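An overview of the molecular structure
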Amino acid sequence: MPRWLPRAMVLALALIAVFQLGSWAFHQLTGLLINVLIAFFLALAIEPAVSWMAARGMRRGFATFLVFLAVLVAAAGFVTLLGSMLAGQIVKMVEEFPEYLDSVINWVNGHFHTELRRVDVQEGVLRSDWLRNYVQNSATGVLDVSAQVLGGLFQMLTIFLFSFYFAADGPRLRRGLCSVLPPARQAEVLRAWEIAVDKTGGYLYSRGLMALISGIAHYILLEILEVPYAPALAVWVGLVSQFIPTIGTYLAGALPMLIAFTVNPWYALWVLVFVVIYQQFENYMLQPKLTSKTVDIHPAVAFGSVIAGTALLGAVGALIAIPAVATLQAFLGAYVKRYDVTDDPRVHGRRNRPPGGPSAVTRIRGLWARRPERPGHGTEGAGDGGPA
């Protein structure tokens, strides 16, 4: 046996052990890494506001605290308004449930000639096995829901702490990262950091502006229809439709439709029609103009990046996919050499015909002139009855 074989075997086993240990540690720390990634992009989003206040003499830590305080106050106000709206609507629906049930029973009795009564229906529902099983399952799942709520609060606290440190100690973090790199690499890292700040902040701010416009438009509609809690519903539609990718529009429109249905079923249809029309206006008119200077990527690339981010990281990947791709595209654009495009008709979507060749209209006219003629209509002589 060669001398190097035992050492090679030991080295191979050691590499396999290190790989297995690293893979196990990565899977164990996946949740923490995702939280750090979310916190990093959140810190990039608030970096322009923090830097603006720090440039005017305010300490970065205090400026970051003020920005986070404003975000928390806005979020708490939104949750309070939404919670009060939902509670009021649930109480209203519970109080009016007997009337709804009586109308349904009268309709069924009138069309199907039955003799149903509300008391019999209520007793049948209360004594049913599926309701008993549902109550038992809900009672056993209270602890699981409580654990999930506590876990979500702890995750949010972790994200806010990391993002606070990233934003408040941004210059120190950049200096520490550049201290282990040569000067040429330091310039590239700082440029990539600046591009990431611009793209992430621009993406979120443009989304915020579109959420404001969407909320105002839906508020006007809901006020015209006299739907209750129109301000809270407008804020819900604006935020959810813009900051939850792909399915946010449907989630945002479902709640106003439900509330409008309690007022008048036809109002729910009007809300659905308005949501669909406004979504088309936003996709083809509003969004390209607002994001052309901040996140200038092709719509197909944006859609594909959202799908890829969802497949990799779920909802988090879908949320950060577009600014991440925009940052990568802007960073690579500095290293890709571009040339002037030739003035060719095919660049503008037109076919290049050979010089001197007949046009399509000319060819159609020639084919029409050479078409076969039916008997009796070939010449003037045949039409007059004489010999051809």
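What counts and what doesn't
Residues numbered from 1 in each chain as written. Predicted model: local features only at pLDDT ≥ 70, side-chain atom pairs only at ≥ 80, totals over all residues. Heavy atoms only, no water. Core = buried A, V, L, I, M, F, W, Y, C linked by side-chain atoms within 4.5 Å. Buried < 20%, exposed > 50% of the residue type's maximum accessible area, 1.4 Å probe, protein only. Helix = DSSP H or I, 4+ residues; strand = E, 2+ residues; numbered from the N terminus. Contact = heavy atoms within 4.5 Å. pLDDT = per-residue confidence, 0-100. Axes fitted to C-alpha atoms, helices over the stretch in contact; angles between N-to-C directions. Parallel < 35°, antiparallel > 145°, perpendicular 65-115°, else oblique. Left-handed = near helix turned anticlockwise from the far one by under 90°. Nonpolar A, V, L, I, M, F, W, Y, C, P; charged D, E, K, R; others polar. Phe/Tyr/Trp six-rings, centres within 6.5 Å; stacked < 30°, edge-to-face > 60°. 1 Å grid on protein atoms, 1.4 Å probe; cavity = no way out; pocket = protein on both sides within 12 Å on 5 of 7 lines; lining within 4 Å. Points joined across faces, edges and corners; volume = space filled by probe spheres on them.

Quick word on the nonpolar core
- Formed by 17 residues in total, the largest nonpolar core has its most connected members in Leu222, Val227, Leu233, Trp236, Leu255 and Val271.
- Among the secondary structure elements, those contributing two or more residues to this core are α3 (60-95), α9 (183-224), α10 (230-243), α11 (248-263) and α12 (265-291).
- With five residues, the top contributor of residues to this core is α10.
- When residues no more than four places from it in sequence are discounted, the contact partners of Val227 are Leu222, Leu233, Ile259 and Ala260.
- The next biggest cluster of nonpolar side chains, apart from the first, holds 11 residues, and it includes Ala43, Val50, Met53 and Phe166.

Side note on the confidence of the model for the protein
- For the protein, per-residue confidence averages 76 on the pLDDT scale, and residues scoring 70 or more make up 73% of the total.
- Of all secondary-structure elements in the protein, the lowest mean pLDDT belongs to helix α16 (residues 380-384), at 45, while helix α1 (residues 4-28) reaches the highest, 90.
- In the predicted structure, residues 377-388 sits below a pLDDT of 50 and forms four contacts with residues beyond four places in sequence or in another chain.

What to know about the packing of α10 against α11
- At a minimum axis separation of 7 Å, α10 and α11 run at an interaxial angle of 165°. When the axes of α10 and α11 are compared, the pair comes out roughly antiparallel. Classified by chirality, the crossing of α11 by α10 is right-handed. In this structure, α10 uses Leu233, Trp236, Val237, Val240 and Ser241 to contact α11, whose residues at the interface are Gly248, Thr249, Leu251, Ala252, Leu255, Pro256 and Ile259.
- Residues that form the contact of α10 with α11 fall into these classes: nine nonpolar, three polar and no charged.

Focus on the side chain of Ser214
- Mapping Ser214 onto the fold places it in helix α9.
- Residue Ser214 is classed as buried on the basis of its relative accessible area, which comes to 1%.
- The residues touching Ser214, leaving out its near neighbours within four places in the chain, are Val237, Gly238, Ser241, Gln242, Tyr278 and Glu282.

Remarks on the packing of aromatic side chains
- By the definition in use, this model includes nine aromatic pairs.
- Considering the side-chain rings of Phe164 and Tyr165, the 6.1 Å spacing of their centres and the 70° angle between planes classify their relative orientation as edge-to-face.
- Here the aromatic residues Phe40, Phe41, Phe162 and Phe166 are joined through ring pairs into a cluster of three or more.

Quick word on the layout of surface pockets
- Volume-wise, the largest pocket comes out at about 1800 Å³.
- If you go around the largest pocket, you meet 40 residues; those closest to its centre are Leu42, Val71, Phe160, Phe243 and Leu319.
- Residue contributions to the lining of the largest pocket peak at 10 residues, all from α3.
- When grouped by side-chain class, the residues that make up the lining of the largest pocket number 36 nonpolar, four polar and no charged.

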